[in-house]
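So you can see what is in the structure, the chains are spelled out below.
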Amino acid sequence: MPQLFDEKARECSRSINDPLAMRLQIRKSRIVGLEQETKAPRGRKSRTSGREREAKAPGLWADIFLERSYDTGPNGKQIVSVIIPARNEEKTIARNITIARSAFQETEDVEVEVIVTDGCSEDSTREEILKPGPDHFLEVPPGKGNAMREGFLHSRGDVVLFSDADLLNFEARWIEMVAEPILQGRADVVLGVGISPWFQGATETIYRPLIKLLFPEVEERISRQPLTGQRAFRRWVLARLDLLPDYGVEAAMNIDLVNMKPPPRIQEVSLGEKRDVWKGNLDMYREVGRAILLKACQYGRLSRLRESNFSHLVEILNQLLSEIDLQV
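Below: a short report on this structure. (Residues numbered from 1 in each chain as written. Predicted model: local features only at pLDDT ≥ 70, side-chain atom pairs only at ≥ 80, totals over all residues. Heavy atoms only, no water.)

Let us look at the side chain of Glu250. Within the element layout of this structure, Glu250 appears in helix α12 (residues 249-259). We classify Glu250 as buried; its relative accessible area is 4%. Of the polar contacts made by the side chain of Glu250, one reaches the side chain of Lys144; its length is 2.7 Å. (Helix = DSSP H or I, 4+ residues; strand = E, 2+ residues; numbered from the N terminus. Buried < 20%, exposed > 50% of the residue type's maximum accessible area, 1.4 Å probe, protein only. Polar contact = N/O pair within 3.5 Å; in protein donor to acceptor, adjacent residues only side chain to side chain.)

Tracing the backbone through its elements, the reader meets Ala187 in the loop between α8 (172-183) and β6 (189-195). A C-alpha to C-alpha distance of 6.0 Å links Ala187 and Ile266, two positions 79 residues apart in sequence. When near neighbours in sequence (up to four residues on either side) are disregarded, Ala187 contacts Pro181, Ile182, Arg234, Arg265 and Gln267. (Contact = heavy atoms within 4.5 Å.)

Moving on: helix α13 (residues 282-298). For α13, spanning 17 residues, the distance from its first C-alpha to its last is 25 Å, which sits close to the expected 24 Å at 1.5 Å a residue. For α13, every residue scored as buried is listed here: Glu287, Val288, Gly289, Ala291, Ile292, Lys295 and Ala296. Elements that come into contact with the buried residues of α13 comprise α9 (201-214), α12 and α14 (302-307). Of the residues one or two after α13, Gly300 is the one with positive phi, at around 70°. (Expected span 1.5 Å × (residues − 1).)

Cis geometry marks the peptide bond from Lys261 to Pro262; its omega dihedral reads -5°. Notably, Asn88 is not glycine yet its phi reads approximately 55°, a positive angle. Following the sequence through the fold, Asn88 ends up in the loop between β2 (78-86) and α5 (93-101). Despite not being glycine, Phe104 has its phi angle at roughly 60°, a positive value. By the element assignment, Phe104 lies in the loop between α5 and β3 (110-118).

This is the structure we're talking about:
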């Protein structure tokens, strides 16, 4: 039976409208709950490697997760934690959970745990999640980054893999393809890139123009499908990332990964055609843009935006759109 966490998250989240306030509230509550977990049980040595200790940097999540030990499965198996953030995904979530649980079945030294989060769905997603029964089920505040963070908090694996809930042609081999370079010691971060039938609006109209202007080194390093939801991390890398609460989380991840010291080994793998449920969510555009601007402020890059003609271009486009509306 799946374990239920954060039963009151749905009720609490209704009163939180500001993403930053939500982020700070979650951080404040989680740091208290994890103080005792950061200590290894008596008689058990931490499995933190020398590379992880050298990479440790000051920061809330680094302090928590680099001191926490991760588990191994029966007979020393490596654990891959598959986290599936979901919100209003009643048509696809049950099938995708079942597929995720079937990954690595023919590999003796790997165990898969499936963690599913529900961000206050308004349809029957919760009931659909419980049908196949993931290893852990969490009800969390809305926001993709919140869901990813909470899933990470409850994960056990040294390899943590995120997978979108709305995939129509999801395959177990995708999990294996994304996780294997890390399991084999060839990478620290792996992005699963594919070909989508839909125009990637948030990527092409918001993400790429801002990234090319503010963080060209990120565009050079992560370019094929930069906002892919299929991505895996070695635990120490994910622990050092500041997971923003909303759809901007992956854009912010890319910036932090490329600028991280020491640099993690990043690899992209091709998954082929990826078909998902098209939503046309304009909030995603705003959240991606906001995440990049927040990081530009953090890294001292906002002057590049002020010195460019980017803001003037936006003003011109808005004026043209207004003129078109008047003519119509």
